[in-house]
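Structural features, examined
If you want the building blocks of each chain, they are given just below.
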Amino acid sequence: MTARSDAADDLIISAARRAVAELAPEEEPFFDEVARAWRAGNRSSPGSSVGFGVDEILMTELFLQTIAGAVGEVLVVGGGLLARRRWKRRRAGSDEAQPATEEAPAAVETAAEEPPAAVETLVVEEAAGRDQRLREAVRRHAVTLGLTSEQADLLADAVIGALGPDSP
Amino acid sequence: MTSPDRPRATSLGWVYVLLGGAVVIIGATAGRVFYSGTDANLAGSIAIDRCHRRFPLPESVNDWNEPQVRALFRCAVDATRTSQLTVLTVTLLVVAAIGMLTVLLPMADRWRLRGQFGRYRVPAAEAAFGRLREEHGLAGRRQPTLLVAGPPVRQAFTTALPGGVPLVVLPLAVALRADHERFAATVRHEFGHIAARDIRWVAALRGLSLGAVPIMLLVVASRYAAGLRGYAADLGLLARTTLVALGVALLAAALLRRREHEADRYAVATGGEAALLAALAAPTPPSRWRPFARHPSATDRIRAVHTPVGVTEGGFVHALVAGVVAASVANTIDQVFIFTGMYVTDVPIVVSSAVALVLTGALLPSLIRLAAHPGSAGSAPDSAERVAMRTWWRPVAGAAVGLVLGGYLWPSHPQDLRTGFLNVPGWEGAARSTLALSLAGAAVAGILALLSEVMAGVDARWRDVTGAAHPGRRWLAATAAIAGVCAGASLLFAVDALHGAADGADAVTRGLKLTRDSWILLGLALPIALAVLLRARRVPEGLPRPPVRGVRAVFWAAVCTGGAAVVAHSTLLYFTLDHVRWLKLGVERVWLAALTALAVVLIVGRRSGSTGLARAVVSGVAAGTAIGAAHLGAELAAGRRPSVFLLQATIAASVVFTLVLILLLMPLLLKLAQPAGRGAEAPAGREGSAGREGSAGREVEAPAGQGAEGPAGRDAGRDAERVGAEPAEPAGSGPGQVAEQRPAGESRSAGRRGVATLVAGGVIAAAVLPALIHATPTANVRAAVPSPPPVTPSVAEPLSPGVKDPGRVIEPGDGRRIVAAARDVLPGHWVSEPVVEGHRDEPRETADPPACEGLANDDFVDRWGMTRRGEFSGSYHTKDEGGAVVNSSLIVTLTTAAEPLPARAKADAVETVAKCPAWSTPGGNARTGPIEVRVTPGGEPGLGEQSWSVRYTMQDNLLSGSFIDVWVIVGHNVVRLRYTAIEEPIDPALLGGALLRTMTAMTI
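Scoring rules and cut-offs
Residues numbered from 1 in each chain as written. Chains lettered and ligands numbered in written order. Predicted model: local features only at pLDDT ≥ 70, side-chain atom pairs only at ≥ 80, totals over all residues. Helix = DSSP H or I, 4+ residues; strand = E, 2+ residues; numbered from the N terminus. Buried ≥ 20, exposed ≤ 12 C-beta atoms within 10 Å, placed from the backbone. Contact = placed C-beta atoms within 7 Å. Pairing = 2+ DSSP bridges. Nonpolar A, V, L, I, M, F, W, Y, C, P; charged D, E, K, R; others polar. Axes fitted to C-alpha atoms, helices over the stretch in contact; angles between N-to-C directions. Parallel < 35°, antiparallel > 145°, perpendicular 65-115°, else oblique. Expected span 1.5 Å × (residues − 1). Left-handed = near helix turned anticlockwise from the far one by under 90°. Core = buried A, V, L, I, M, F, W, Y, C linked by C-beta atoms within 7 Å. pLDDT = per-residue confidence, 0-100.

1. So, the overall build of chain B
In terms of regular secondary structure, chain B is built from 32 helices and 12 strands. With 1004 residues in all, chain B has 52% of them scored as buried. Of the contacts formed within chain B by residues at least 6 apart in sequence, a portion of 77% connects residues at least 24 apart.

Quick look at the structure:
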């Protein structure tokens, strides 16, 4: 399991808070405590060997898990694509006997090779693609964890909304 | 106080009785493994063997000598104190460790919950929890408190520190739905655990399910690390130990699952069915391998809500498991005292009591519930006709099979099926042991079934008349439990004493010996308890009881008939002043008393339900006592001196025989007491316990309109309706009161029939019994009274001059006779092997230095140039029951040659011996190391110039011993006696006697 950064946790908690507010408002008063426990990591539960036998999970926990799983998946896949694209460009440059200087940062290199309009298009396209991938991932994770299809859609909307430009 | 209409949680006390048994098994087995193979173990074995040498047990029970046996016991008990202390200490440590878990696990739970206290407050949940708590009547020490816990707690559970109140932990997700039925279902499930009073003990179950295997492996590993050797090094022990641990782990896991099923049923019974089933229908992760799963699967739980799965309480499997655990506990205790079991006279009663305790604890509460609420104790509602006395065969058969299975589950010596409790070793003995075990299990379960029926009947009677339970219900239940343990222990003790009998005569002898043991009188607890329970049936507000004419008539007829028969037998018919004959005749009188008493039981108890049977048992024992008293009076009147023995031989013997007969026949009596009309024709309706107590039998045959009016009479009619018979007329003061409810004419008629049967039975018994008992050998009867100690055989008789030349060529017939002659001088604890004819080439022994191989293999004999005409060998050794460490053997070898032996024979031998003062030879295994042999000077036998002896000492890492070779050459013959003694000195008198006998035999 990959360790999440604080920034990613903040992002997930922010999205989950918004989802809880919309989908499970009765859990809102306890959101901070639950999020703190979630951030502290997974610990085994006491008394589970003689427990009721059926897990009862808060929607808050469920949302946090769903979003964390989806975000993790999208970031890893997205990061992988980006890294592969950069690696291809580097290989192409070296094949034309135009090796990049070690000091030149990749961003500068990219900017020098592509016109500004294309970069903007790429960013917009990538953002749209990311949202789409994130939406699908959230839906998939949510259904896997036991939410209904409708709940999964609502959760996906809430997550996309929370991660959008107008999000806090 | 719970309200009458509130469902009661099924107590799982029987589960914890089985748990206690399992802990004892684990602890004692661990202790035994820990002790095995130690130096102390070896020293103890040697000490016990030496005790046997000093105080040899008689060959036959007829030669039993009390002072000598007691001396042996004292000697052996001292020798095995270390063994007992070691095993008991480890047992206590394991029990303490398991006990500590009941404290540590809840503390660990609390510690892990420490961050949850006060963090999540949900007022609505707290209010709903409080309402449910009141609704379920949980107060005082059972009043639970609530803790709402956030992540990572996702399952509700209940925990409790010792002495504290239960703490119900609810996940926040459940608490936030306090208005939801799921909340109530979850809380009700947890309340089911609290109501069953199993919160604190469940920690021990958790620990046992996890710790049994590691504990045993740890103990075995510690022994191996410490250089385990001998018995404990066997793979068999490791396998058996692991089997015990796995069995206990399986049992603990099964009991944990059972606990959840019971809590589910409680939740459903209190109104949470739909929500519970909905919760269980949610997808759950697959559990571990089923037999070791500590939680039942959701599928099993849904099915078990209405249909019992696994063990049905009070059913065949339940009793079988109880029987297995009881027999295993018995074997374990027996093995704790494995070295002293036969030396401490009280061990059989300890073992018997343990079995009775486990069976009573594990079965009686369930059987009482089954008798009181047949539909709720594990039976499906649509099978309620399978209740009451005719279904007692299930626990009876279960206990019988369970004791047999448990008895042979882990035999101490699998090769000859040697186990502990009620065992006769060997394959033939296994058949008898199986019979004894099954008979004992069935009888104990039968006793418990009778107590359960009567106990449930008391409750039902009070509820029918007053609408409330008997105020002293707990005390009555305790009385029944004590009676169950005492009567069970008494019965098992009797079976233990009787089952090894070789034949009928031996059984009579053992039975007589039994009457001198007061432990058997523990069985009196059963009639006393039944009398108490019968008395408790009398409801103050009930109608006055009419006299019990039928029972009294039969009782007095039996006492008069039996008493008169015994008195006449004792005075007019067979008066004697010969002590042995008097003892023999006494057996007949005691049997007369016991059989008359049994007839009372059969007549009074037949087909009149549990109350009738209870009354019959009380009456029967009273009749046996009264007839015994008449016997005593007759003996005193005949001029015999009053003594404790006279009291034992008359009253005590009559009571004991009566008790043994009644207890052994209890399953049959239960069957006979089954009321008529109960069975296939009974409807599926729920049958009340009152109805089972006689209302459906002859009562329903009573003509209409003959009963008294009144509330109790209406109860009887209702009871009859319950069992589906023809509508019964009110029959007096209630169900179960068969004799007192029946119209006077019918009662008198029954009494007359009973008296007639009794008199006829008495006449037949008086005619047949003496013939049977006179077949008992007088010698067996002697066993009942002390006899003088057995005489040790004299060592030797003077050598008389022979008429034949001992130096002649010995013919085969003479040769066999000569080597067998030494048998006559050997003590009783020696046994002889068949004579072997012909030369045997033994495997050659290696020696270091190699020069000593000649002496080690008697090579000098080859230098004599004998042409063997014949060789004969007689072997004798001390008894080796159970693998005695201390042992001796004697081998007499006679070789006859075609020509006279050379004159230099002795010189050759002496020369060989002189060349080799010491050598070593490979030992049995790496642990024992090589055997160091050293030659020491031997004495001269004094049987001519061609006789000599050589003495050797032996020593390895474990044992020491010595052997002596005596050689005598006469003409054509060479006689060699080799006497070997391990861990004991050579007995020169025995060797001398054997030599003289052998040499004398050569001259005859």
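2. Focus: the pairing of strand E6 (residues 868–878) of chain B
Residue and element names in this part refer to chain B. As paired elements, strand E4 (residues 830–832) and E6 share three bridges and run antiparallel to each other. Within E6, the position partnered with Trp 830 by the bridge is Thr 878. Bridge count for strand E5 (residues 836–837) against E6 is two bridges, and the pairing is antiparallel. Pairing of Val 836 across the sheet is with Ser 873, part of E6. Where E6 meets strand E7 (residues 887–897), nine bridges bridge the pair, whose relative direction is antiparallel. From the neighbouring strand, Tyr 876 faces E7, where its bridge partner is Leu 890.

3. Here's the deal with the interface of chain B and chain A
Taken together, the contacts link 31 residues of chain B with 25 residues of chain A. Residue assignment for the side of chain B that touches chain A shows that the elements contributing at least two residues are helix H4 (81–112), strand E2 (157–159), strand E3 (167–171), helix H6 (172–175), helix H7 (181–195), helix H8 (202–225) and helix H10 (273–281) of chain B. When its residues are assigned to classes, the side of chain B that touches chain A shows 17 nonpolar, seven polar and seven charged.

4. Things to note about the packing of helix H2 (residues 39–54) of chain B against H4 of chain B
Residues and elements named next belong to chain B. Contact pair H2 / H4: the axes reach a minimum separation of 8 Å and the direction vectors enclose 140°. In this view, H2 runs oblique relative to H4, as classed from their interaxial angle. Touching Ala 40, Asn 41 and Gly 44 of H2 are Thr 82, Ser 83 and Thr 86, all from H4. Residues that form the contact of H2 with H4 fall into these classes: one nonpolar, five polar and no charged.

5. Considerations on helix H16 (residues 473–498) of chain B
Since one α-helical turn is 3.6 residues long, residues separated by three or four positions face the same way. Helix length check: H16 of chain B, at 26 residues, gives a terminal C-alpha distance of 37 Å against a target of 38 Å (1.5 Å per residue), a fit within 8%. Where burial is concerned, most of H16 of chain B is hidden: 20 out of the 26 residues are buried.

6. A closer look at the packing of helix H1 (residues 13–35) of chain B against H4 of chain B
Residues and elements named next belong to chain B. The interhelical angle for the contact between H1 and H4, taken along N-to-C directions, is 135°, at an axis separation of 7 Å. By the angle class used here, H1 and H4 are oblique. Where H1 crosses over H4, the handedness of that crossing is right-handed. Residues Val 23, Val 24, Ile 26, Gly 27, Ala 28, Ala 30, Gly 31, Arg 32, Phe 34 and Tyr 35 of H1 form the contact with H4, whose participating residues are Ser 83, Thr 86, Val 87, Leu 88, Val 90, Thr 91, Val 94, Val 95 and Ile 98. Its residues assigned to classes, the contact of H1 with H4 comprises 13 nonpolar, five polar and one charged.

7. Focus: the sheet that holds strand E1 (residues 145–149) of chain B
Residues and elements named next belong to chain B. Sheet architecture is open: three strands sit in the order E1-E3-E2, paired in mixed fashion. Here the strands that pair on one side only, and so sit at the sheet edges, are E1 and E2. For this sheet the average axis-to-axis angle between neighbouring strands, irrespective of direction, equals 30°. Where E1 meets E3, five bridges bridge the pair, whose relative direction is parallel. Note on E3: the bridge partner recorded for Leu 146 is Val 168.

8. Comments concerning the environment of Gln 155 of chain B
Mapped onto the secondary structure, Gln 155 of chain B falls in the loop between E1 and E2. Gln 155 of chain B sits 19 residues away from Val 174 of chain B along the chain, and the two C-alpha atoms are 8.9 Å apart.

9. Notes on unusual backbone geometry
Residues other than glycine predominantly adopt negative phi, and peptide bonds predominantly adopt the trans conformation. Residues and elements named next belong to chain B. In the segment running from Pro 151 into Pro 152, the intervening peptide bond is cis, with an omega of 10°. Here the amide bond leading from Asp 848 into Pro 849 is cis, since omega sits at 10°, within 30 degrees of zero. Unlike most non-glycine residues, Asp 858 shows phi in positive territory, near 55°. Within the secondary structure, Asp 858 sits in the loop between helix H30 (853–856) and E6. Overall, Asp 858 belongs to the partly exposed group, with 16 C-beta atoms counted inside 10 Å. The phi dihedral of Glu 983 falls on the positive side, at around 60°, and the residue is not glycine. When you line up the elements, Glu 983 lands in the loop between strand E12 (973–982) and helix H32 (988–1002).

10. Here we look at the nonpolar core
Residues and elements named next belong to chain B. Grouped together as the largest cluster of nonpolar side chains are 247 residues, with contacts concentrated most on Leu 18, Ile 26, Ala 252 and Val 355. Top contributing element to this core by residue count: helix H15 (residues 426–466), with 19 residues. Apart from residues lying up to four places away in sequence, Ile 26 is in contact with Val 94, Ala 212, Ile 215, Met 216, Val 244, Ala 245 and Val 248. Membership of the second largest hydrophobic core comes to 45 residues, among which are Leu 826, Ile 964, Ile 969 and Leu 991.

11. Considering the confidence of the model for chain A
Residue and element names in this part refer to chain A. This prediction gives chain A a mean pLDDT of 69; 56% of its residues lie at or above 70. At the low end of the mean pLDDT range in chain A sits helix H4 (residues 106–113), at 43; at the high end sits helix H2 (residues 31–40), at 84. Here residues 97–116 scores under 50 on pLDDT; set against residues more than four positions off or in separate chains, the count is eight contacts.

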